[in-house]
Amino acid sequence: MAARQLKIGLRVRDLDRSQRLYLRLGFRQIPQPDQAHLRYLTFGHTWLILSDLHRHGHHNAERERATREGPPGLGVVITVPTPDLDATHALWRAEGLPVTLEPEDVGWARIFYGLDPDGYEVMFEQFHRPAGQG
């Protein structure tokens, strides 16, 4: 059913570091031993494909130049639900990653924003439980 999955690709500088981080956030790995410059991860029904910024091909020279010159994460936000926002925030801090918005309540959830090792902005959200579901 892979053809029916939403897939998001991120070009990263250090595949192993990014993979470890996203696995600790609850993503699962789809082993692809024949693709050394890619890491396939899933979160629910969504695939996250990490590709080596410097070793995985580009579809044209202009895109390659722009990708290599600019910050790879600029303008991209990934939203990841979490059952424990405080634990996720502590993990983010322990990894030495920037937090761009400290945890706050926005009515429907508690959230915080941070930057992953390649500058991709990640918003974490812990939804409030409905009354009576403590």
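Going by the structure above, here's the rest.
Residues numbered from 1 in each chain as written. Predicted model: local features only at pLDDT ≥ 70, side-chain atom pairs only at ≥ 80, totals over all residues. Heavy atoms only, no water.

1. Some thoughts on the overall build of the chain
Here comes step 1: Scanning the chain from terminus to terminus reveals 3 helices and 8 strands.
Here comes step 2: Put simply, the chain has 134 residues, and 36% of those count as buried.
Here comes step 3: Considering only residue pairs separated by 6 or more positions, the chain has 48% of its internal contacts joining residues 24 or more positions apart.
Here comes step 4: Approximately 8100 Å² of the chain is accessible, and the part contributed by carbon and sulfur atoms is 52%. (Helix = DSSP H or I, 4+ residues; strand = E, 2+ residues; numbered from the N terminus. Buried < 20%, exposed > 50% of the residue type's maximum accessible area, 1.4 Å probe, protein only. Contact = heavy atoms within 4.5 Å. Areas by Shrake-Rupley, 256 points an atom, 1.4 Å probe, with all protein chains shown as cover.)

2. Some thoughts on the sheet that holds strand 7 (residues 109–115)
Here comes step 1: Sheet architecture is open: 4 strands sit in the order 5-8-7-6, paired in mixed fashion. Each edge of the open sheet is held by one strand with a lone partner, namely strand 5 (77–81) and strand 6 (99–105). Neighbouring strand axes in the sheet, compared pairwise and without regard to direction, differ in orientation by 15° on average.
Here comes step 2: Here strand 6 pairs with strand 7 via 4 bridges, running antiparallel. Bridge pairing in strand 7 links Glu104 to Ile111.
Here comes step 3: Across the sheet, helix 3 (residues 85–94) lies against strand 6, strand 7 and strand 8 (121–127), angled at about 10° from strand 7, the strand it touches most. (Pairing = 2+ DSSP bridges. Axes fitted to C-alpha atoms, helices over the stretch in contact; angles between N-to-C directions.)

3. Topic: the side chain of Asp116
Here comes step 1: Mapped onto the elements of the fold, Asp116 is located in the loop between strand 7 and strand 8.
Here comes step 2: Apart from the residues lying within four places of it in its own chain, the contact partners of Asp116 are Leu21, Tyr22, Trp92, Leu97 and Val122.

4. Some details on the packing of aromatic side chains
Here comes step 1: For the structure on display, the rule yields 6 aromatic pairs.
Here comes step 2: Plain terms: the ring middles of Trp92 and Phe124 are 5.1 Å apart, the flat faces sit at 70° to each other, and that makes the pair edge-to-face. With Trp92 in helix 3 and Phe124 in strand 8, this residue pair connects regions lying 32 residues apart in the sequence. Taken as a pair, Trp92 and Phe124 share a single burial class, namely buried.
Here comes step 3: Over the ring of Trp47 we find Lys7; its NZ or CZ atom is 4.7 Å from the centre of that ring. (Phe/Tyr/Trp six-rings, centres within 6.5 Å; stacked < 30°, edge-to-face > 60°. Lys NZ or Arg CZ within 6 Å of the ring centre and 35° of its normal.)

5. Comments concerning a nonpolar patch on the surface
Here comes step 1: Together, Val106, Trp108 and Phe127 line one region of the surface with nonpolar side chains, adding up to about 290 Å² of accessible area.
Here comes step 2: Among the residues examined, Trp108 registers a relative accessible area of 44% and is labelled partly exposed. (Patch = residues over 30% accessible without salt bridge, like charges linked within 9 Å, V, L, I, M, F, W, Y side chains within 5 Å. Salt bridge = Lys/Arg side-chain N within 4 Å of Asp/Glu carboxyl O.)

The analysis is restricted to geometry; functional conclusions fall outside its scope.
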